Amino acid sequence: MPITLLWAVDVYGRVYSLSTAGQRWERADDMLLELKRVTAGKGRCWGIGCDHHVYLNMMPSETPIRYREETYENQRWNPVDGFTDTLLPTDRWPWSDVTGMNPQPLHSFQLPSRSWEWEGDWYVDQTCGGEPSQTGGWEYAVDFPANFSPDKKWNSCVRRRRWIRYRRYIAQGTWAKIPLDNPRKPPLPLCDISCGGWEMSDQSGRYPYLWGVSQQGQVWFREGIHPRVPEGSSWEEVEVPKEVAQLSCGPGDLLWALLWDGNLLVRTGLSLDSPTGTSWVEVESPGKEVEALHVAVGVSVVWVVTKDYKVWFRRGVNSHNPCGSGWISIGGEMMMVDVGLNDQVIYSFEYIPQEEVEELSPAPILPTPEAVGQDVPWMNVDLEGAEAARSAQAAGASLGDGGVAATYALGTLETSHGVGEEDGPVWTWISGGGCDVDASSQISWLSPADSFTHNLKSVWVRKGALRWWRDCKPQRWVDVGVALEQSTKSDGRKDSIFFVYYTQYDEKKYLHVFINEVTALVPVLRDCHYAFAVYTAQRTKQRWPLVLAAQTEKDMNDWLCLLSDCCCECRGITGPPSRQALWSTTSKGDIMVHEPSFSLEAPANTLACDLMFWRQVPGHLRCVESNSLGLVWGIGWDGTAWVYSGRYGQQPTPGKPQTDVRSVHVYENQRWNPMTGYTDKGLPTDRPMWSDESGLKECTKGNTHPPSPQWSWVSEWSVDYNVPGGTDKEGWQYAADFPVYVTHFLRTQRKKTALLERGVQFISFLSLLLQDISWPQNHERLCQAQKMDEVVTLTHVTHFCGLQFPVFCSIKMIVCSTYRKCKITLRELQCCCPSAGECWYHIPSPPRQTLRQLSVGRTSVFAVDENSNLWYRQGLTPSYPQGSAWELISNNVTKVSVGPLDQVWIIADGVPGFPTETAGAVCHRLGVGPMQPKGQSWDYGIGGGWEHISVRGNSAEAPRPPHPPPVGSPRSPFPMRPPTQVNGNAVGV
């Protein structure tokens, strides 16, 4: 690690430096030097003297700083004297710059300051265009200006040659005064300066920029700073809307200024092409009633100290969003803060006499883990405390796992040259802009600072690079930078914001999502990318989630896990899903869970579906069913039954690794013509010759991919002969015209999902392949079903043989099942349920419809047919469980789930008004009640690829308010009896 310096100024104006390789403060060699403020950058430090001059200290380097001065000697040919310096009035000067516009005789060159010296005298450059020349350095041309060449021709009427002289900077390691601008008017006396800008975000700059503030509140910019000209050339005034008191420039393109009224200004548009920026944006002080006192800027952080000495951190600051998004109060009282090269924080607090404190640490440092290396994703800009850090280090916690680093302070240091104060120097200004300190630095003068960290709050930032599917035209994948910022408040509550930074038409922009507004994080399939979608309530209504993609599956899972943890922390969700949870699966097989509240099914003020928060449970299933006792079963795409272990955050239970097999189908279409018979040449209005089942989308064997990158092919394409309606010997089906099923090709792939990441595991124990499952309401009994066409009911179910479940007594309930038209599978059901009730009742299907799925609630039955219609069974009573008739409720429904409270939830095939959204949306039936069992309307929630939902475990009813006491005399439907006489007294009986 290179040696860097920490600079400080005491109350007497004396300048000190502390090296990362040293053990003591070193005072500047110039004993007469007195500075008011300093600002450090990479390899240099600037200061404002008490004489109002600007000083510069360049760190010594093995490479000398040399600057080349050059001028051109110009001549013209005439028939009498040949080439002479007697030129035409319209020609350039005899001695000029390369353009010929400015005169530059040799005697006009002067050293800019005493910090320079000449290395030698003027000499002629003997090269032309970088190649040696035999013409004495002369270049010839027809006339001025023209293209010069070393070849002299018959029409060469003018010539020129370059003279060179070098000067060397000799003030390295000392404080050198910057000369005043001449002949330009110098700025008024400066009261503050700030150095930065050497690491622009769009390119890697190698020289810094210097900003200054005059005593009249004007802002000045130092022009001409270059590696060969460290002093710069002149000052340029930058207009400001209000008077500025202090400013701070970061190593990148961040510049903040403090106004005299306590508010702040942010300079936007800073870049290498526009180093002074384009405009100012005003930001209010973090304290509503307290003005800001000091501001410090780093690479992507901004710190502010208010006049009550409270410290504030600006969240969301980035080159794409230089203004940030909000203030966070940090504990402690400080006089000023400064930010180092890696956003580590250096702060100064009010001086306390020695008799009041045992040991004084004038300038503590907060290092950040990001400085360890560019690959470390975590950046801690403020830390919880040294004890937490030591515990994390003792436990072996890594930075990537969110471990905190310690807070360090400057230990007891010796001072050279005699400080003159028994208690050591009292700092009035510190600058760590050129100091490189991180958590792994082996620096002797760093020691844990326990006394200043107990009040600090923490702010964590994780940065990374992803790809974003831009939701504006042109829609395409865009490389973006992302940052997750999490802050911990004094009461322990955590608040997080997710930022997405991108560039559009050379303009830096950003998106931000508050984590407490995120409703779902769902893996999606987009162009075979490892992508996931971020939903909020607003984006759910617009049907346009924030879609991001990672380079690898591990990166995607890491971001999903991190964002999901932050979402759960913001909502106080911990542990496994509750017994009342709503379970759902997506078309990709991802398992999603929602923790319901009483307001979800409340008659009034029902929670909107787009506000529901869904979290992912590790695993992969086609459908999942639960009951209110916390029993959860699922079925994979291959029919394997799985049971949820519920071991959230614990070691997984040993069992069969979860695998799955799924078939993918494409359809080959042909049309007959009299000349060639059946060919793949269709009419212009026909479906594609290779398509999906609907015929609307072209799907060839070449462009058909597995459902997601987690799947892999396990077989080649083959003709499927087992299709509804049968096929001929070659697998063809025939019809008069499209739409029609024709040759059906398929191949199978297998997906393996590791369920060990969070200790949650689904266990498979049955060799029986299942098509569907259903839990009776509130009881540990499982009913299995197949895909069938008509409905029957079974009463008096009394027993269930399952996974270590006890035998229960007889319970009367309604159980609905479906069966094939050809034969009832009562024997198979009795194998799993020996006491399977008394008898079966045949229930006809709706007219001209074939049912494919149904769900039974407490007093209602809903079914879905093969045309995606939702039906309600009328006339259900305990004495007549068959019901009387079917009533059509809605279309566009693929799955239905009725809960123990008769609540109705469906998976809709689409959302009205959004035809381009992927099929599958979660919907809730509103207005369901005893007097309106069919409900009134639909509330559309999250969508875009949801396959199944189960609400059969949600039996939590909202508490009912107590009935008010009766007012007045009690009312009775019976007439009052006349009083009777008892021992002469009238009493009421």
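Each remark here, short or long, concerns the structure printed above.
Owing to the predicted nature of the structure, the values given are computational and were not obtained by experimental measurement.

Right, let's talk about the state of the cysteines for a bit. For the structure on display, the rule yields zero disulfides. The structure places no disulfide on Cys 923, whose sulfur is separated from the nearest cysteine sulfur, that of Cys 609, by 6.9 Å.

The subject of this paragraph is the packing of aromatic side chains. Evaluated as defined, the whole model comprises 23 aromatic pairs. Judged by centre distance (6.5 Å) and plane angle (45°), the ring pair of Phe 499 and Tyr 510 falls under tilted. Here Phe 499, found in strand S39 (residues 494-504), pairs with Tyr 510, found in strand S40 (residues 507-514); they are eleven residues apart in sequence, far enough to count as distant. Pairwise contacts between aromatic rings join Tyr 16, Trp 25 and Trp 427 into one cluster. It is Arg 165 that lies over the ring of Trp 118; its NZ or CZ is 4.0 Å from the centre.

Looking now at a nonpolar patch on the surface. A cluster of nonpolar side chains, namely Leu 293, Tyr 309 and Met 335, defines an oily patch on the protein surface of about 220 Å² accessible area. A relative accessible area of 33% means that Met 335 is categorised as partly exposed.

Grouped together as the largest cluster of nonpolar side chains are 29 residues, with contacts concentrated most on Phe 498, Phe 532, Leu 546 and Trp 559. Only strand S37 (459-469), strand S38 (477-488), S39, S40, strand S41 (518-526), strand S42 (529-536), strand S43 (546-550) and helix H3 (553-571) provide two or more residues apiece to this core. When residues of this core are assigned to their parent elements, the largest contribution, eight residues, is made by H3. Counting residues in hydrophobic clusters, the runner-up holds 24 residues, among them Trp 7, Val 15, Tyr 55 and Val 437.

Here we have four strands laid out as an open sheet, ordered S4-S5-S6-S16, and antiparallel in their pairing. Strands with a single pairing partner mark the edges of an open sheet, and in this sheet they are strand S4 (35-41) and strand S16 (175-177). Here the average twist between neighbouring strands, direction ignored, is 25°.

Take the side chain of Thr 4 next. Residue placement: Thr 4 occurs in the segment before strand S1 (5-10). Other than its neighbours up to four places away in sequence, Thr 4 contacts Leu 18, Ser 19, Thr 20, Gly 434, Cys 435 and Asp 436.

Rules and cut-offs
The residue numbering used here restarts from 1 in each chain and proceeds along that chain's sequence as written. Restriction of local features to residues with pLDDT of at least 70 applies here, the model being predicted, together with a cutoff of 80 or more for giving and counting side-chain atom pairs; totals for whole chains, interfaces and linings are based on all residues. Hydrogens are left out, water is left out, and the side-chain values use all remaining heavy atoms of the structure. Here, the term disulfide refers to a pair of cysteine sulfur atoms separated by no more than 2.5 Å. Two rings from Phe, Tyr or Trp (for Trp, the six-membered ring) form a pair when their centres are within 6.5 Å of each other. A pair whose planes differ by under 30 degrees is stacked, one over 60 is edge-to-face, and the rest are tilted. Secondary structure elements are defined from DSSP: runs of H or I of at least 4 residues count as helices, runs of E of at least 2 residues count as strands, and each element is numbered from the N terminus. For a Lys NZ or an Arg CZ to count as sitting over a ring, it must be within 6 Å of the ring centre and within 35 degrees of the ring normal. Residues enter patches when their relative accessible area tops 30% and they take part in no salt bridge; the joining distance is 9 Å for like charges and 5 Å for the nonpolar side chains Val, Leu, Ile, Met, Phe, Trp and Tyr. For the accessible areas, the method is Shrake-Rupley and the probe is 1.4 Å, while residue cover comes only from the protein chains on display. Salt bridges are counted wherever a side-chain nitrogen of Lys or Arg sits within 4 Å of a carboxyl oxygen of Asp or Glu. Three exposure classes are used, based on accessible area relative to the maximum for each residue type with a 1.4 Å probe and protein chains only: buried under 20%, partly exposed in between, and exposed over 50%. As used in this record, nonpolar core signifies buried Ala, Val, Leu, Ile, Met, Phe, Trp, Tyr and Cys residues forming a set joined through side-chain atoms within 4.5 Å. By this definition, two strands are paired if DSSP reports at least two bridges between them. Axis geometry follows a simple rule: fit a line to the C-alpha atoms, using only the stretch in contact for helices, then measure angles between N-to-C directions, giving values from 0 to 180 degrees. Residue contacts are defined here by distance: any two heavy atoms, one from each residue, within 4.5 Å place the two residues in contact.

These figures capture arrangement, not role.
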